[in-house]
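# Coordinate analysis (summary)
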Amino acid sequence: MRATKAIIHLENFSHNLNEIKKCLSAETKMCVAVKADAYGHGAVKCAQVAEKQGAAFLAVATVEEGAELRAAGIKTPILMLSLCAPEEIPEAVANDITPFVFDEEYALLFDAEVLRQNKKDYCVHIAVDTGMGRIGVYENEAASLAGKISLCKGIKLGGMATHLAVSDSVTASSVEYTKNQFEKFKRAIENVKKEGIDPGICHCANSAATLAFPEFHLDMVRPGIITYGYYADEVDREYLKSRNIDVDLKPVMTVETSVCAVRDVFKGESVGYGRTWCAEENTKVGVLTAGYADGILRNYSSSGVKISVNGKLYPICGRICMDQFMINLGKDGENGTVKRWDKAVIFGAEEDGALLTADDIARLTGTISYEVTCCISKRVRRIFINS
Ligand SMILES: *Cc1c(COP(=O)(O)O)cnc(C)c1O
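Okay, so let's go over this structure.

Rules and cut-offs
Residues numbered from 1 in each chain as written. Predicted model: local features only at pLDDT ≥ 70, side-chain atom pairs only at ≥ 80, totals over all residues. Heavy atoms only, no water. Helix = DSSP H or I, 4+ residues; strand = E, 2+ residues; numbered from the N terminus. Contact = heavy atoms within 4.5 Å. Buried < 20%, exposed > 50% of the residue type's maximum accessible area, 1.4 Å probe, protein only. Pairing = 2+ DSSP bridges. Right-handed = clockwise from strand over helix to strand, strands pointing away. Near = heavy atom within 4 Å. Polar contact = N/O pair within 3.5 Å; in protein donor to acceptor, adjacent residues only side chain to side chain. Areas by Shrake-Rupley, 256 points an atom, 1.4 Å probe, with all protein chains shown as cover. Nonpolar A, V, L, I, M, F, W, Y, C, P; charged D, E, K, R; others polar. Phe/Tyr/Trp six-rings, centres within 6.5 Å; stacked < 30°, edge-to-face > 60°. Core = buried A, V, L, I, M, F, W, Y, C linked by side-chain atoms within 4.5 Å. Expected span 1.5 Å × (residues − 1). Axes fitted to C-alpha atoms, helices over the stretch in contact; angles between N-to-C directions. Parallel < 35°, antiparallel > 145°, perpendicular 65-115°, else oblique. Left-handed = near helix turned anticlockwise from the far one by under 90°.

On to the side chain of His-125, then. Turning to its location among the elements, His-125 is positioned in strand β6 (residues 122-128). Those residues in contact with His-125 that sit more than four places away from it in its chain are Phe-57, Leu-79, Thr-98, Pro-99, Phe-100, Val-101, Gly-158, Gly-159, Met-160, Ile-201 and His-203.

The subject of this paragraph is the pairing of strand β16 (residues 325-331). Most of β16 is tucked away, with 6 of its 7 residues classed as buried. Inspection of the sheet shows strand β15 (residues 312-317) paired to β16 by 2 bridges, in the antiparallel sense. Within β16, the position partnered with Cys-317 by the bridge is Met-326.

Looking now at helix α3 (residues 43-52). Within α3, burial applies to Ala-43, Val-44, Cys-46, Ala-47, Val-49 and Ala-50. Residues of α3 that are buried sit in contact with α1 (10-21), β2 (29-33), α2 (35-39), β3 (57-60) and α4 (63-71).

Attention shifts here to the pairing of strand β7 (residues 155-162). With 7 of 8 residues buried, β7 is to be regarded as a mostly interior element. When β6 meets β7, the two strands line up parallel, connected through 7 bridges. Each bridged residue has a counterpart across the sheet, and for Val-124 the counterpart in β7 is Leu-157. In terms of handedness, the path from β6 via helix α7 (residues 142-150) over to β7 forms a crossover that is right-handed. Pairing between β7 and strand β8 (residues 201-205): 3 bridges, direction parallel. Residue pairing for β8: Met-160 is matched across the bridge by Cys-202.

Here we come to the site of the ligand. The ligand sits among Lys-35, Tyr-39, Leu-81, Arg-134, His-163, Asn-206, Ser-207, Arg-222, Pro-223, Gly-224, Ile-225 and Tyr-370. Tyr-370 places a side-chain nitrogen or oxygen 2.6 Å from an oxygen atom of the ligand. Contact with the protein chains covers 92% of the free accessible surface of the ligand, which is 390 Å². Split by residue class, the shell around the ligand holds 5 nonpolar, 4 polar and 3 charged.

So, on to the sheet that holds β7. The strand order β2-β3-β4-β5-β6-β7-β8-β9 describes a closed barrel built from 8 strands, whose pairing is parallel. Note: strand β4 (residues 78-80) against strand β5 (residues 97-101), 3 bridges, orientation parallel. Residue Leu-79 lies in a different strand from β5, and its bridge partner there is Thr-98.

What follows covers the packing of aromatic side chains. A complete count under the given rule lists 6 aromatic pairs for this structure. Among the aromatic residues, those joined into a cluster by ring pairs are Phe-13, Tyr-39, Tyr-228 and Tyr-370.

Its place among the elements puts Lys-179 in helix α8 (residues 172-194). Sequence separation of Lys-179 and Gly-286 is 107 residues, and the distance between their C-alpha atoms is 51 Å.

We now examine the nonpolar core. Core analysis: the largest hydrophobic core is formed by 117 residues, its most contacted members being Leu-69, Phe-110, Ile-126, Met-160 and Phe-347. In contact with Phe-347, not counting residues within four places along its chain, are Tyr-230, Met-253, Thr-254, Val-255, Ala-354, Leu-356, Thr-357, Ala-358, Ile-361, Val-372, Thr-373 and Ile-376. In this structure, Val-265, Trp-277, Val-287 and Cys-321 belong to the second largest nonpolar core, which totals 11 residues.

Its identity is not glycine, yet Asp-233 carries a phi of approximately 45 degrees, on the positive side. The topology assignment puts Asp-233 in the loop between β9 (220-221) and α10 (237-242). Even without glycine at this site, Asn-244 takes up a positive phi of about 60 degrees. You can call Asn-244 exposed: its relative accessible area is 74%.

We now examine α1. In this model α1 runs 16 Å from its N-terminal to its C-terminal C-alpha over 12 residues, within 8% of the 16 Å that 1.5 Å per residue would give. Along α1, the residues classified as buried are Leu-10, Asn-12, Phe-13, Ser-14, His-15, Asn-16, Leu-17, Glu-19 and Ile-20. Here the buried face of α1 lies against β1 (5-9), β2, α3, α9 (207-212) and β18 (381-385).

This part takes up the packing of α1 against α3. Put simply, α1 and α3 touch, their axes get as near as 10 Å, and they point 40 degrees apart. Comparing the axis directions of α1 and α3 gives the class oblique. Where α1 crosses over α3, the handedness of that crossing is right-handed. Contacts between α1 and α3 involve Leu-10, Phe-13, Ser-14 and Leu-17 from the former and Lys-45, Cys-46, Val-49 and Ala-50 from the latter. Partitioned by chemical class, the residues of the contact of α1 with α3 number 6 nonpolar, 1 polar and 1 charged.

What follows is the structure, encoded as structure tokens:
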């Protein structure tokens, strides 16, 4: 097998789900976000663990993602968080995927297809835009849409949702914005109730809100990133500790490769495309068999990202290539213990020898942990460690 692989610790995923559950009341349901192949971790395996752990829903972004879970035998209700194209609706309905709807046109397309396929008790959830500016009815439009859905013969209103834009920021103005979003959402729910319509399962809390705003849990929470072991930005371990919330998350994914060669690069010689790195002394350079086609992105090159080999960090030298990149093992004679075929760990769990997490890489390269794990490409084999 190729040395470049992603080890997926399903036991850590399971542990994280338990840690999250400890923060929920017994009545609060959990919808685990497994969109984008479970943030790169493997949607089917993660969904199976989440299902076993009693997740009430799984969340996907696309019909294909939902259909993949159904084909693998997942029975748990699946919420689709993004809109699909009209031509995908037959497949969405055939796979019992619960869509977010926010306008009559889209809702009626689902209604017609549900009737055509003669599906019973087919639910949709109304998305309410309370300040994300993406999808959703405005607060004062929710009741009218709920009314129209209640007249449909095919679809039923199964729930109402909103999405928080800055719940991962703890500044006073962000917290105020988040609270304001929640108030708008509650008013939208009240407006639906006033029409005599049951709003169904109401939910708004993403990872950050699940941990930092217990008062926003309502009927269900929708955590994503925390299930994979990463805190959501400023709602980190220290912030939560300061508020007496103790959640211990463990990274689920480790990405590793190997040192396929240890080379002598002589003083003045360059390494890699563009000749961006030149040896100031005679230097040992390790060549690794992973590159940006694996999701070790080219902008990691001169970002300060370092690679861990045998418990020590080594800087990247030169630009990351498509399939290989090089690390600086140090001046000739001072390069320590790195040998050919040694394991090199890019990020992940400590137990695999990782010294950086996806969060560390994200901080160094100006992104978020979500993007670091999502970008690990299909070429990287996922090796699942069972729970
Ligand atoms: C992705 C997503 C989530 C989960 O977000 P995290 O920040 O990973 O917890 C929840 N709700 C919606 C609508 C989403 O798109």
